[in-house]
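Take a look at the letters that make up each chain.
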Amino acid sequence: MPPDARRWRRFTSVFADTVEAAGYECIIPPMFEEIGVFQRLGDATDVVTKEMYDFIDKGDRHLALRPEHTASVCRAFAEHRPIVPWKVWYSGSNFRYEKAQAGRYRQFDQVGVEVLGVDDALLDVEVIVLGWEFFQRVGLRDLTLMVNSLGDAGDRDRYVSALRDYFNQHRDALSEEAQVTLERNPLRVLDSKRDADRNIINNAPTIASFLSDDAAAHFTQVCQGLTSLDVPFVVNERLVRGLDYYRRTTFEYVSGALSSAQNAVGGGGRYDGLVEDLGGPATPGIGFALGVDRSLLACDAEGVFAEGAGIIDAFIIDVVDGQTALSLTTSLRHAGFVVDRGFDGRSMKSQMKAADRAGSRCAVIIGGDEHAAGTCTVRDLTTSEQITIQQSELANHLATVVGSRTPRRPSS
Ligand code: HAM
């Protein structure tokens, strides 16, 4: 609803500005795909096994509403094979059948970027810093950037197996929930926030000692790049992400202003291998997605990125027949002004109220005298100053009150 939706749009538009300035192009993936596309996210993740909104369509196809964008972007890449490097950004809704609560919804929006076809650790730095700087632009200050490496496929497998052994040794002391998670995905046990599990998790083996030389060197370069740009970060060896496709670099932006269960305002990482899984050529990939709903909750908590006032330059009040309002709104809008008007031949009093409610800077009044003389009376609603001028002078006069605007005439 307005005015929240206005703030929402501005959030997306600041994001678009930030990433387009870095060469990212907009992509609009479909809202649903063959379920197989999302099953590639891994059968050890809740997003796939428990939370998908799937259905059979009238053509007997098994489809699912997208739970995230990355798989769709990789599917599009595998299908259309654009020239690499391919740098895209997106914004849109996702659907996960989660236990809804503050900051965790079944329909939520993300903005994000994906880059396909580049192996370079300096790209990881670019991507991580883009997200960081976007949040700085929005005004979030109580934010921690956490980074980790999950190593290459082999490293990750060896680590998972060591974790499974370790947790199995302490199985009886783990919470019931963690024991169930252990069966499916030992990595996810590291995510448990339950007190019973904390001690055991704190002493669990960390990924660092399982990294291949290549993966370790890649991670060192990422950390050095962040340091060279003075971007503060914390290496968190327990940072495992909810989706299974990650390799090497993973990261999360965590808000200190939100409660710890839902404090990740965004996250991402490398997913070398996902495009291949989706039938494309071996292609490295990296990206992130930021939760719009949750980021705005963090903004509320920090008192930043207010929705701001809507701007109306002029409200046209025509109490004669509405025709002058029709031509004036059209020409002023072409001249770039933000203009609204009254309808239904309402009284002067009622239209003045509407102008006030709209928060307009000026009211432009066409009464009987003005109509006959081709003039209009312009009242500045902040100062209450009033002047009668020729209608042909209106655009110039408005420019002196609200500043000139960029014309948006329709092309001829
Ligand atoms: P994700 O961590 O599942 O990653 O989601 C990214 C962000 O979306 C989260 O940090 C959170 O802010 C928001 N989010 C996730 N689930 C919900 C929910 N149920 N309600 C509200 N907000 C939510 C991904 O989706 C990956 N595709 C990110 C990525 C892009 N990795 C590589 N490229």
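Residues numbered from 1 in each chain as written. Predicted model: local features only at pLDDT ≥ 70, side-chain atom pairs only at ≥ 80, totals over all residues. Heavy atoms only, no water.

**Section: the overall build of the protein chain**
When helices and strands are tallied, the protein chain shows 16 helices and 16 strands. Computed over the C-alpha atoms, the radius of gyration of the protein chain is 27 Å, more than 25% above the 22 Å expected from 2.2 N^0.38 for a compact globule of 412 residues. By its C-alpha atoms, the protein chain is 90 × 50 × 45 Å across when sized along the principal axes. Within the protein chain, the proportion of its 412 residues that are buried is 51%. Accessible surface, the protein chain as shown: approximately 19700 Å² in total, 49% of it carbon and sulfur. Of note, the protein chain has its 44 positive side-chain charges centred 4 Å away from the centre of its 58 negative side-chain charges. (Helix = DSSP H or I, 4+ residues; strand = E, 2+ residues; numbered from the N terminus. Rg over C-alpha atoms; globule rule 2.2 N^0.38 Å. Buried < 20%, exposed > 50% of the residue type's maximum accessible area, 1.4 Å probe, protein only. Areas by Shrake-Rupley, 256 points an atom, 1.4 Å probe, with all protein chains shown as cover. Lys, Arg positive; Asp, Glu negative; His and termini not counted. Charge placed at Lys NZ, Arg CZ, Asp CG, Glu CD.)

**Considering the side chain of Ser-175**
Along the chain, Ser-175 falls in the loop between helix H6 (153-169) and helix H7 (176-184). Residue class for Ser-175 comes out buried when judged on its relative accessible area of 9%. Ignoring sequence-local partners within four residues, the contact set of Ser-175 consists of Arg-194, Ala-196 and Asp-197. (Contact = heavy atoms within 4.5 Å.)

**A closer look at the nonpolar core**
Leu-116, Phe-167 and Leu-190 are the most contacted members of the largest nonpolar core, which totals 47 residues. Examining the composition of this core, we find that six residues originate from one element, helix H4 (residues 70-80), more than from any other. Setting aside its immediate chain neighbours within four residues, Leu-116 contacts Val-73, Cys-74, Phe-77, Val-84, Pro-85, Trp-86, Tyr-271, Val-275, Thr-283, Pro-284 and Gly-285. Grouped together as the second largest cluster of nonpolar side chains are 43 residues, Trp-89, Trp-132, Val-222 and Leu-226 included. (Core = buried A, V, L, I, M, F, W, Y, C linked by side-chain atoms within 4.5 Å.)

**Some thoughts on the site of the ligand**
Every one of the 27 residues lining the ligand counts as a neighbour, but Glu-68, Thr-70, Glu-98, Tyr-105 and Tyr-246 are closest to it. At a separation of 3.4 Å, a nitrogen atom of the ligand approaches a polar backbone atom of Gly-287. Within the complex, the protein chains bury 96% of what would otherwise be the 660 Å² of accessible surface of the ligand. Elements represented by at least two residues in the shell around the ligand include exactly strand E6 (107-116), strand E10 (264-270) and strand E11 (285-291). For the shell around the ligand, the leading source of residues is E10, giving six residues. Looking at the shell around the ligand, its residues break down into eleven nonpolar, nine polar and seven charged. (Near = heavy atom within 4 Å. Polar contact = N/O pair within 3.5 Å; in protein donor to acceptor, adjacent residues only side chain to side chain. Nonpolar A, V, L, I, M, F, W, Y, C, P; charged D, E, K, R; others polar.)

**Considering the sheet that holds strand E3 (residues 54-56)**
Sheet strands pair by backbone hydrogen bonding; their relative direction is either parallel or antiparallel. Pairing in this open sheet of three strands is antiparallel, and the strands run E2-E4-E3 from one edge to the other. The open sheet terminates on both sides in strands that have one partner only, identified here as strand E2 (32-34) and E3. Strand-to-strand twist in this sheet, taken as the mean axis angle between neighbours without regard to direction, amounts to 35°. Pairing of E3 with strand E4 (residues 62-65), which is carried by three bridges, proceeds in the antiparallel orientation. Across the sheet, the residue bridging to Ile-56 is His-62, located in E4. (Pairing = 2+ DSSP bridges. Axes fitted to C-alpha atoms, helices over the stretch in contact; angles between N-to-C directions.)

**Regarding the packing of helix H5 (residues 121-138) against helix H10 (residues 213-228)**
Running from N to C, H5 and H10 cross one another at 45°; their axes reach a closest spacing of 8 Å. Of the possible angle classes, the one that applies to H5 and H10 is oblique. In this structure, the crossing between H5 and H10 has a hand that is right-handed. Along the contact surface, H5 presents Ala-121, Leu-122, Asp-124, Val-125, Ile-128 and Val-129, while H10 presents His-218, Gln-221, Val-222, Gly-225 and Leu-226. Here the contact of H5 with H10 is composed, by residue class, of seven nonpolar, three polar and one charged. (Parallel < 35°, antiparallel > 145°, perpendicular 65-115°, else oblique. Left-handed = near helix turned anticlockwise from the far one by under 90°.)

**Looking at the side chain of Thr-324**
If you trace the backbone, Thr-324 turns up in helix H13 (residues 323-334). Under the relative-accessibility criterion, Thr-324 is labelled buried at 10%. Apart from residues lying up to four places away in sequence, Thr-324 is in contact with Asp-318, Ile-366, His-371 and Gln-391.

**Side note on the pairing of strand E16 (residues 386-390)**
Remember that side chains alternate between the two faces of the sheet whenever the strand is regular. The pairing of strand E15 (residues 375-380) with E16 spans five bridges and is classified as antiparallel. By the bridge assignment, Val-378 is partnered in E16 with Ile-387. Turn length for the E15-E16 hairpin, with the two strands adjacent in sequence and antiparallel, is five residues, and the turn residue Ser-384 shows positive phi of about 65°.

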